[in-house]
Amino acid sequence: MTITASRPVTSGTETPRTARRWWRGRWPLAALLALLSVLTVSPFVAMFIVALSPAGRPTVPSRWPESLTLDNIARVVSSTGFAGWTVNSLVYALVSVVVILLTSSMAGYAFAKKRFPGREAMFWTFLATMMVPFQATLIPTFVLVNSLDGVDTFWGLIVPTLANSQAVFLMRQFIKGLPDELFDAAKVDGASEWRVYWTIVVPLTRPILATLGVFVFLWHWNDFLWPLVIGQSDATRTLTVGLTTLRTEETQLSLLMASAAVSVVPCLLVFFLLQRYLVNSIVMTGLK
């Protein structure tokens, strides 16, 4: 009897073949995604190039600027009220993030894991407010805040935007997928509702809290209509509204792009600092 030994298959010979086979079937999709990425990023790149171009000089898209300068950024930053507008925007965005994350996580926990009469009706009624555009409630909200002497105040700027049904929905869907055994074990050990929330719900929902925090920060930092209506002086005027007043005074394109670039930079910093939490939330959602 003749015994023939089969030749072992080495990973060194198969890996390149596998990679070529994988690339051969997916390169059109990769090329399409790369093209879409370039089309998405190009307006931001053009905005920063124009913002850094000398005022009154030819720039993109007609020609590449001969030199770049920070003069336009300096003029915007040194304008009257810029520091105050930035602080107001930070207060508006950060306070909203903290309060919305706290209230939405509590409400999401109650709607997902607690049993009480009218829970479903209350949840879907609250969720139905997402279908009502903000413009439809703008005038009634302003009249209510004005009757409470909240115009041109920080509480009048922040409080009406804290009821976020989308945040409650996202938290409820995430918490609903957490194992019930964790909460039952905590109750057996005698943990209070606050301890269950703080030691179980908050740590396990940290990725979705970070993701939601990024979205809420971007929503409030870029918010324009409500701050424009409620903030009637530099004391409560946000950066987006304040920069708009500069745009009405300045007509040079480079200064307009400089003001837009200044307002975008904090959003980019927040995204890059917290992008790993965005990835973790997607991974954990898939694992569940």
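The paragraphs below set out a description of the structure included in this document. (Residues numbered from 1 in each chain as written. Predicted model: local features only at pLDDT ≥ 70, side-chain atom pairs only at ≥ 80, totals over all residues. Heavy atoms only, no water.)

### Thoughts on the packing of helix H7 (residues 165-176) against helix H10 (residues 206-221)
Relative to each other, H7 and H10 sit at 170°, their axes nearing to 11 Å. As judged from the angle between their axes, H7 and H10 are roughly antiparallel. Contact residues: H7 offers Gln166, Ala167, Leu170, Met171 and Phe174, while H10 offers Ile208, Leu209, Leu212 and Trp219. Of the residues belonging to the contact of H7 with H10, the class tally is eight nonpolar, one polar and no charged. (Axes fitted to C-alpha atoms, helices over the stretch in contact; angles between N-to-C directions. Helix = DSSP H or I, 4+ residues; strand = E, 2+ residues; numbered from the N terminus. Parallel < 35°, antiparallel > 145°, perpendicular 65-115°, else oblique. Contact = heavy atoms within 4.5 Å. Nonpolar A, V, L, I, M, F, W, Y, C, P; charged D, E, K, R; others polar.)

### As for the environment of valine 91
Looking at where valine 91 falls in the secondary structure, it is placed in helix H3 (residues 82-113). Relative accessible area serves as the criterion here: at 30%, valine 91 is assigned to the partly exposed category. A sequence separation of 145 residues divides valine 91 from threonine 236, and the C-alpha atoms of the two residues are 9.9 Å apart. In this view, valine 91 contacts Ser96, Phe154 and Ile158; residues no more than four positions away in its chain are not counted. (Buried < 20%, exposed > 50% of the residue type's maximum accessible area, 1.4 Å probe, protein only.)

### Examining the nonpolar core
Formed by 49 residues in total, the largest nonpolar core has its most connected members in Ile175, Phe183 and Trp226. Broken down by element, the residue count for this core peaks at nine residues, all from H3. Once you skip the residues sitting within four places of it in the chain, tryptophan 226 turns out to touch Tyr92, Phe134, Leu138, Thr141, Phe142, Val145, Gly156, Leu157, Pro160 and Thr161. (Core = buried A, V, L, I, M, F, W, Y, C linked by side-chain atoms within 4.5 Å.)

### Comments concerning the environment of histidine 220
Mapped onto the secondary structure, histidine 220 falls in helix H10. Here the alpha-carbon distance between histidine 220 and isoleucine 158, two residues 62 residues apart in the chain, equals 9.3 Å. For histidine 220, the residues in contact, after removing those within four places along its chain, are Tyr92, Ala93, Ser96, Ile100 and Thr161. Within the structure, the side chain of histidine 220 is placed 2.9 Å from the backbone oxygen of valine 216, a separation counted as a polar contact. (Polar contact = N/O pair within 3.5 Å; in protein donor to acceptor, adjacent residues only side chain to side chain.)

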